[in-house]
Amino acid sequence: MSSAAPAPSPAARLRGLKPDWIFDPKVWRTEVLAGLVVALALIPEAISFSIIAGVDPAIGLFASFTMAVVISIVGGRRAMISAATGAIALVVAPLNREHGLGHLIAAVILAGAFQVVLGALGVAKLMRFIPRSVMVGFVNSLAILIFMAQVPEMRNVPWPVYPLIVGGLALMVFFPRITTVVPAPLVSIVVLTVITVAAGIAVPTVGDKGELPSSLPVPGLPDVPFTPETLTTIAPYAFAMALVGLMESLMTAKLVDDITDTRSDKTRESIGQGIANIVTGFFGGMGGCAMIGQTMINVKVSGARTRLSTFLAGAFLMVLCIVFGPVVSDIPMAALVAVMVMVSFATFDWHSVAPKTLRRMPAGEIAVMLVTVACVVATHNLAIGVVVGSVTAMVVFAKRVAHLAEVTAVTDPDGTTVVYRVTGELFFASSNDLVGRFAYATDPEKVVIDLSSAHIWDASSVAALDAIKIKYARHGKTVEITGLNAPSAQLHDKLTGELSAH
């Protein structure tokens with residue numbers, strides 16, 4: 001008689017309840033160091049975005065802290081970084097300027113509520129309508145914006161800034177050939193900081209961007225009158241913030257999906273962004289969304305893959321500000337500029353602009369990519385570029401498909417019947433030309449329109465077929481429509497005779 005299997009140990013039972021990476025020291029090392037690098041890069045960015053929004057630097061830093069920590073728990077895309085962003089700062093800046101910080105905080109909370117509702121309604125499903133050419137344009141324009149954001153840090157600065165940037169880039173290129181145990185961006189930041197402090201080199205530092213907070217944020221209600229007037233004031237800004245934040249976050253999530261070859265829950269991410277903004281608002285932050293540059297540092301440069309790096313990025317941010325504020329203030333901006341330039345270079349899809357690729361790519365696809373890039377660079381708003389690029393792609397597609405509807409006519413030998421065979425997709429663009437493809441005056445008395453190789457997509461196509469019937473009827477001729485597939489027949493039967501009063 002065989003003995004019973006031994007009961008699993010407490011450690012084994014714990015392993016069954018936790019992800020495998022919890023027990024992997026290599027993963028912990030990667031995630032912890034990645035979170036530290038991202039936190040260092042977040043500080044000057046958050047301060048800069050606070051200036052754009054017209055608020056105290058602490059407001060942007062608090063937002064980055066709460067957004068990162070909360071989204072690491074409730075978000076749908078692991079390793080993605082959410083924090084205060086330039087796009088959100090641009091949306092809320094006019095509200096803060098005209099009505100004050102209290103209204104801005106209230107708008108952040110309302111924007112979070114909008115995002116929760118939109119996420120629950122399935123707004124993430126709209127991502128499937130964004131074509132690849134728009135995605136490529138999004139990535140390339142993102143890389144350009146990241147680089148352009150560094151240009152002001154390289155103008156009208158002391159000459160040592162330039163060799164420091166070059167040295168930082170060289171470290172990030174060559175250090176991984178020695179070891180990948182420590183992220184090259186972290187090594188670059190530490191080495192350049194030590195050099196500038198030890199040698200007493202006077203260059204712009206993180207501390208020059210603004211004063212770092214000395215304590216944690218405290219929760220509270222926004223200082224506004226709770227009246228319908230306040231709601232009508234903040235609602236347009238909150239809705240715009242919700243849309244911009246969701247679009248950037250979902251596009252970034254899709255980008256990380258492609259980089260890591262994994263799938264993420266976009267609906268959970270949408271709702272999670274809303275929850276993070278609500279929490280951020282109650283803690284006095286300026287709100288935010290997925291931060292693409294820092295996400296690329298985390299995922300592509302540092303190799304992070306779990307929620308731990310996102311959580312630690314937010315936690316380290318506050319620790320660095322509160323505990324190590326004087327040290328962090330001495331970090332030269334040249335070190336962070338070098339990191340972001342490397343991120344820009346790594347993010348750009350160089351294959352998409354290679355001559356070999358451009359020669360093979362359809363002209364319409366290239367045009368969509370260029371329109372997306374041009375709109376983003378011109379407006380500094382990724383959401384606008386994606387919308388305009390997607391609309392352009394739809395127009396290009398409609399124009400291309402409109403020419404795929406072909407009509408051929410065959411007359412019976414006895415001359416009493418003509419059969420028109422329609423091939424292709426019938427929708428508003430192609431069906432408008434359909435009416436002019438028939439010989440109403442010279443055709444025999446019986447006309448058959450064979451749609452066995454076509455598909456009816458919309459009411460415009462049904463209206464066009466009705467117009468053809470009416471024109472033939474005026475010449476005393478009859479029309480028979482045959483070959484409709486089931487969906488086309490259902491749509492045709494439902495709408496025919498109901499779309500025109502003539």
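Above this text is the structure in question.
How each quantity is defined
- Residues numbered from 1 in each chain as written.
- Predicted model: local features only at pLDDT ≥ 70, side-chain atom pairs only at ≥ 80, totals over all residues.
- Heavy atoms only, no water.
- Helix = DSSP H or I, 4+ residues; strand = E, 2+ residues; numbered from the N terminus.
- Rg over C-alpha atoms; globule rule 2.2 N^0.38 Å.
- Buried < 20%, exposed > 50% of the residue type's maximum accessible area, 1.4 Å probe, protein only.
- Contact = heavy atoms within 4.5 Å.
- Areas by Shrake-Rupley, 256 points an atom, 1.4 Å probe, with all protein chains shown as cover.
- Lys, Arg positive; Asp, Glu negative; His and termini not counted.
- Charge placed at Lys NZ, Arg CZ, Asp CG, Glu CD.
- Disulfide = S-S within 2.5 Å.
- Pairing = 2+ DSSP bridges.
- Right-handed = clockwise from strand over helix to strand, strands pointing away.
- Expected span 1.5 Å × (residues − 1).
- Bend = angle between axes of the 7 residues up to and from the residue.
- Polar contact = N/O pair within 3.5 Å; in protein donor to acceptor, adjacent residues only side chain to side chain.
- Phe/Tyr/Trp six-rings, centres within 6.5 Å; stacked < 30°, edge-to-face > 60°.
- Lys NZ or Arg CZ within 6 Å of the ring centre and 35° of its normal.
- Axes fitted to C-alpha atoms, helices over the stretch in contact; angles between N-to-C directions.
- Parallel < 35°, antiparallel > 145°, perpendicular 65-115°, else oblique.
- Left-handed = near helix turned anticlockwise from the far one by under 90°.
- Nonpolar A, V, L, I, M, F, W, Y, C, P; charged D, E, K, R; others polar.

K.L.:
Before we move on, can you summarise the overall build of the chain with the specific residues and values?
P.N.:
The number of helices and strands found in the chain is 20 helices and six strands. At 30 Å, the chain has a C-alpha radius of gyration far larger than the 23 Å of a compact globule built from 502 residues. Seen through its principal axes, the chain has C-alpha atoms that stretch 100 × 85 × 55 Å. Taken over 502 residues, the chain has a buried fraction of 50%. Sequence-distant contacts, at least 24 apart, represent 84% of the contacts inside the chain between residues at least 6 apart. Surface exposure of the chain reaches about 23,400 Å², of which carbon and sulfur atoms provide 66%. Of the side chains in the chain, 34 bear a positive and 33 a negative charge, and the two mean positions are spaced by 8 Å.

K.L.:
Requested: an account of helix H11 (residues 292-301), with residues and values cited.
P.N.:
The buried fraction of H11 is high, at eight of 10 residues. Those residues of H11 not exposed but buried are Ile292, Gly293, Gln294, Thr295, Met296, Ile297, Asn298 and Val299. Downstream of H11 by one or two residues, glycine 303 has phi in the positive range, about 80°.

K.L.:
Which residues make up the side chain of serine 270, and what are the values?
P.N.:
You can see serine 270 is positioned in helix H10 (residues 266-282). Classification of serine 270 by relative accessible area gives buried; the value is 0%. Setting aside its immediate chain neighbours within four residues, serine 270 contacts Gln115, Gly119, Val123, Ala124, Leu246 and Leu250.

K.L.:
Now, about the state of the cysteines: what can you tell me, with residues and values included?
P.N.:
Considering all chains together, one arrives at zero disulfides under this definition. No disulfide involves cysteine 289; its sulfur sits 19 Å from that of cysteine 375, the nearest cysteine. Cysteine cysteine 321 shares no disulfide, and the gap to the nearest cysteine sulfur, in cysteine 289, comes to 20 Å.

K.L.:
Hey, could you go over the pairing of strand S5 (residues 446-456) for me, with residue numbers and the actual values?
P.N.:
Across the 11 residues of S5, eight count as buried, placing the element largely inside the fold. One ladder, built from nine bridges, connects strand S4 (residues 417-426) with S5; its direction is parallel. Following the sheet pairing, threonine 423 is matched in S5 by serine 453. This β-α-β element, S4 to helix H18 (residues 428-434) to S5, shows right-handed connectivity. Of the pairings in the sheet, the one linking S5 to strand S6 (residues 478-482) comprises five bridges and is parallel in character. Across the sheet, lysine 446 pairs through a bridge with threonine 478, a residue of S6.

K.L.:
If you had to explain helix H2 (residues 25-53) to someone new, which residues and values would you point to?
P.N.:
Given a rise of 1.5 Å per residue, 29 residues ought to cover 42 Å, and the 41 Å separating the end C-alpha atoms of H2 matches this to within 8%. At leucine 42, H2 shows its largest kink, close to 30°, and the proline proline 44 lies no more than four residues downstream. Near the N-terminus of H2, the side chain that reaches the backbone nitrogen of lysine 26, with its oxygen 3.0 Å away, is that of aspartate 24.

K.L.:
Got a sec to walk through the packing of aromatic side chains? Specific residues and values, please.
P.N.:
Within a pair of aromatic rings, the relevant descriptors are the distance that separates the centres and the angle that separates the planes. Applying the stated criterion across every chain, the model contains eight aromatic pairs. Plain terms: the ring middles of tyrosine 440 and tyrosine 472 are 4.7 Å apart, the flat faces sit at 55° to each other, and that makes the pair tilted. A residue pair is termed long-range when its members are at least 10 positions apart, and tyrosine 440 in the loop between H18 and S5 and tyrosine 472 in helix H19 (residues 459-474) qualify at 32 residues. Look at tyrosine 440 and you get buried, because its relative accessible area is 12%. The class for tyrosine 472 is buried, based on a relative accessible area of 0%. Through successive ring pairs, a cluster of aromatic residues spans Tyr420, Phe438, Tyr440 and Tyr472. The ring of tyrosine 440 is capped by lysine 471, whose NZ or CZ atom sits 5.8 Å from the centre of that ring.

K.L.:
Tell me about the sheet that holds strand S3 (residues 406-411), and name the residues and values.
P.N.:
A sheet is described by the order of its strands in space; here four strands give the open sequence S3-S4-S5-S6, paired in mixed fashion. Single-partner strands in this sheet number two, and they are S3 and S6. Put simply, the sheet's adjacent strands are angled 20° from each other on average, direction ignored. Pairing geometry for S3 and S4, over six bridges, is antiparallel.

K.L.:
Give a detailed account of the packing of helix H9 (residues 228-260) against H11, specifying residues and quantitative values.
P.N.:
Interaxial distance between H9 and H11 falls to 11 Å at its minimum, and their mutual angle equals 20°. The angle between H9 and H11 places the two elements in the roughly parallel class. Crossing handedness for the pair H9 and H11: right-handed. Contacts between H9 and H11 involve Glu248, Thr252, Leu255, Val256, Ile259 and Thr260 from the first element and Ile292, Thr295, Met296, Val299 and Lys300 from the second. When grouped by side-chain class, the residues that make up the contact of H9 with H11 number six nonpolar, three polar and two charged.

K.L.:
Hey, could you go over the side chain of threonine 260 for me, with residue numbers and the actual values?
P.N.:
Note that threonine 260 resides in helix H9. A relative accessible area of 14% means that threonine 260 is categorised as buried. Polar contacts involving the side chain of threonine 260 include one to the main-chain carbonyl oxygen of valine 256, which spans 2.8 Å. Engagement of the side chain of threonine 260 in a polar contact is seen with the side chain of threonine 262, the distance being 2.6 Å. Leave out the neighbours within four places in its chain, and threonine 260 touches Arg77, Val299 and Arg305.

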